[in-house]
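Listed below, chain by chain, are the residues.
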Amino acid sequence: MRAVVLSAFGGLGKVRVSSRRAVPVPRQGEVKIRVKACGLNFLDLMVRQGNIDNPPKTPLVPGFECSGIVEAMGPDTTGFEIGERVMAFVNYGAWAEVVCAPLDFVYPVPDAMTFPEAAAFLVSFVAAYMMLFEIANVQEGMTVLVHSAGGAVGQAVAQLCSSVPRVTVFGTASPSKHEAIKDSVTFLFDRNTDYVQEIKKISPEGVDVVLDCLCGEDTGKGLALLKPLGTYILYGSANMVTGETRSFFSLAKSWWQVEKVNPMKLYEENKIIAGFSLLNLLFRQGRADRVQSVVRKLLSLYREKKIRPVVDSLWALEEVKEAMQRIHDRGNIGKLILDVEKSPTPLMANDSTETSEAGEDEDEDEQDIDSDSKERVPFIQ
């Protein structure tokens, strides 16, 4: 089968499309899915760079979410019918024509939802919902600041906040996105300006919730903006990704810019600081049951037409480098999707396909063929 392969950690040159990956066989408790669409997340860039704690071994197939059709069930496994439309969390390996996922990570796709929308749904909306309602307990009349408001999680946050009366959403985004997303948030600011002072002009006491996917100097700004009993949630570290490859200077700079948290100061100011990693919650901490409950609520909101995934653009597997570059440049509004059945634009595909005609990549591809016979990669971010 075809799959996107990360041969080693680094730049875009480490990503290619292989047509020689072995088709996985579902084990007991697993669902085999013929993939139609895969979601790209900013975390995928960090994985490519090796910019995560204890990165897995390469070569590997990236990707954590997909949608498709059930092709088979593992032995003694029930729950879905062959041919049923599903979406799934995947513990690496989503960017392929076929994946196998544990039953607990697979969900039915509503009839009105397209495969690209389904591939854009799980990670962004589950993360947004859990941060807003299970950690920050957002209620009527509260104020929320979300960074990267034009991204997939930012757009999910905006939609979910609109389901609660009188919630004010402050968003930061690149100026090029403002026209497209201005109606999705209450107030929109250029992230490179002094947004703290601009927000305080509107809400002098600050905000009730800060959702921070940037880290670095924005951590201190977010904590300073919190009202008493306010909640700051860190769920990413985009400021650490500056170039195509991992930069130790950027890592060090972001680390030193993070305000050192003093527990006594939190106590005196009545502020709450939290972290959230959805994939760790699923793949390391065994809370699939908690996530299932959230997905049921989200699907109900979808059927009520209160939320809908925002798809930025569709890309062929062979265009994965260009898609990743678009995320890196913060050019997307909503989720970028790899469409497995899409034909690539010829000039864009040349650099991502295999060049093993002369034997250059044959040894690496032989490792790929037998990869499913090895123990599957644990999520160790």
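Residues numbered from 1 in each chain as written. Predicted model: local features only at pLDDT ≥ 70, side-chain atom pairs only at ≥ 80, totals over all residues. Heavy atoms only, no water.

A. Focus on helix H3 (residues 122–135). Of all the 14 residues making up H3, 11 are buried; the element is thus mostly covered by neighbouring parts of the structure. Taken as a whole, H3 has its buried residues at Leu122, Val123, Ser124, Phe125, Val126, Ala127, Ala128, Tyr129, Met130, Met131 and Leu132. Two residues or fewer past H3, Asn137 is found with a positive phi of approximately 55°. (Buried < 20%, exposed > 50% of the residue type's maximum accessible area, 1.4 Å probe, protein only. Helix = DSSP H or I, 4+ residues; strand = E, 2+ residues; numbered from the N terminus.)

B. Quick peek at the sheet that holds strand S9 (residues 168–173). One open sheet holds the six strands; their spatial order is S10-S9-S8-S11-S12-S13, and the pairing between them is parallel. Only two strands of the sheet have a single neighbouring strand rather than two, namely strand S10 (187–190) and strand S13 (272–275). The sheet shows a mean angle of 15° between the axes of neighbouring strands, taken without regard to direction. As paired strands, strand S8 (residues 143–146) and strand S11 (residues 207–212) are joined by three bridges and run parallel to one another. By the bridge assignment for S11, Leu145 is matched with Val210. Strand contacts of H3: S8, S11, strand S12 (226–234) and S13, with the helix running at about 150° to S12, the strand carrying the most contacts. (Pairing = 2+ DSSP bridges. Axes fitted to C-alpha atoms, helices over the stretch in contact; angles between N-to-C directions. Contact = heavy atoms within 4.5 Å.)

C. Here's a closer look at helix H4 (residues 152–161). The buried count for H4 comes to 10 of 10 residues, which makes it a mostly enclosed element. Taken as a whole, H4 has its buried residues at Ala152, Val153, Gly154, Gln155, Ala156, Val157, Ala158, Gln159, Leu160 and Cys161.

D. Region of interest: the confidence of the model for the chain. For the chain, per-residue confidence averages 88 on the pLDDT scale, and residues scoring 70 or more make up 85% of the total. Here residues 251–256 is a poorly scored stretch, pLDDT under 50, and it has seven contacts once near neighbours within four places are set aside; other chains count. (pLDDT = per-residue confidence, 0-100.)

E. Examining the nonpolar core more closely. Core analysis: the biggest nonpolar cluster contains 102 residues, and Phe89, Trp95, Leu211, Val291 and Leu298 have the highest contact counts within it. Among the elements that make up this core, the one with the highest residue count is H3 (10 residues). (Core = buried A, V, L, I, M, F, W, Y, C linked by side-chain atoms within 4.5 Å.)

F. Fine view of empty space enclosed by the protein. If you walk through the whole model with that rule in mind, you get two cavities of 30 Å³ or more. Lining the largest cavity are Ala120, Ser124, Phe125, Ala152, Gln155, Ala156, Gln159, Pro309, Val310, Gly334 and Lys335. At four residues, H4 tops the list of elements feeding residues into the lining of the largest cavity. Residue classes in the lining of the largest cavity are distributed as six nonpolar, four polar and one charged. For the second largest cavity, the full set of lining residues is Leu6, Val15, Asp44, Arg48, Pro62, Trp95 and Met324. Among the residues making up the lining of the second largest cavity, the classes are represented as five nonpolar, no polar and two charged. (1 Å grid on protein atoms, 1.4 Å probe; cavity = no way out; pocket = protein on both sides within 12 Å on 5 of 7 lines; lining within 4 Å. Points joined across faces, edges and corners; volume = space filled by probe spheres on them. Nonpolar A, V, L, I, M, F, W, Y, C, P; charged D, E, K, R; others polar.)

G. Here's a closer look at the pattern of salt bridges. Inspection of every chain in the model, using the stated rule, returns 17 salt bridges. Of the charged contacts, one joins Glu65 and Lys335 as a salt bridge, the two residues approaching to 2.6 Å between their closest N and O atoms. Here Glu65, found in strand S4 (residues 65–73), pairs with Lys335, found in strand S15 (residues 335–339); they are 270 residues apart in sequence, far enough to count as distant. Comparing Glu65 with Lys335, the two get one shared label, buried. Across the pair Lys342 and Glu319 runs a salt bridge whose closest N-O atoms are separated by 3.5 Å. Pair noted here: Lys342 is in the loop between S15 and helix H13 (346–349) and Glu319 is in the loop between strand S14 (311–315) and helix H12 (320–328), with a separation of 23 residues, a long-range link. (Salt bridge = Lys/Arg side-chain N within 4 Å of Asp/Glu carboxyl O.)

H. Here's a closer look at the packing of helix H1 (residues 42–49) against H12. It is the contact of H1 with H12, at a shortest axis distance of 9 Å, that shows an interaxial angle of 110°. The angle between the axes of H1 and H12 places the two elements in the roughly perpendicular class. From H1, Phe42, Asp44, Leu45 and Arg48 reach across to H12, where they touch Met324, Ile327 and His328. Across the contact of H1 with H12, the residue classes tally to four nonpolar, one polar and two charged. (Parallel < 35°, antiparallel > 145°, perpendicular 65-115°, else oblique.)

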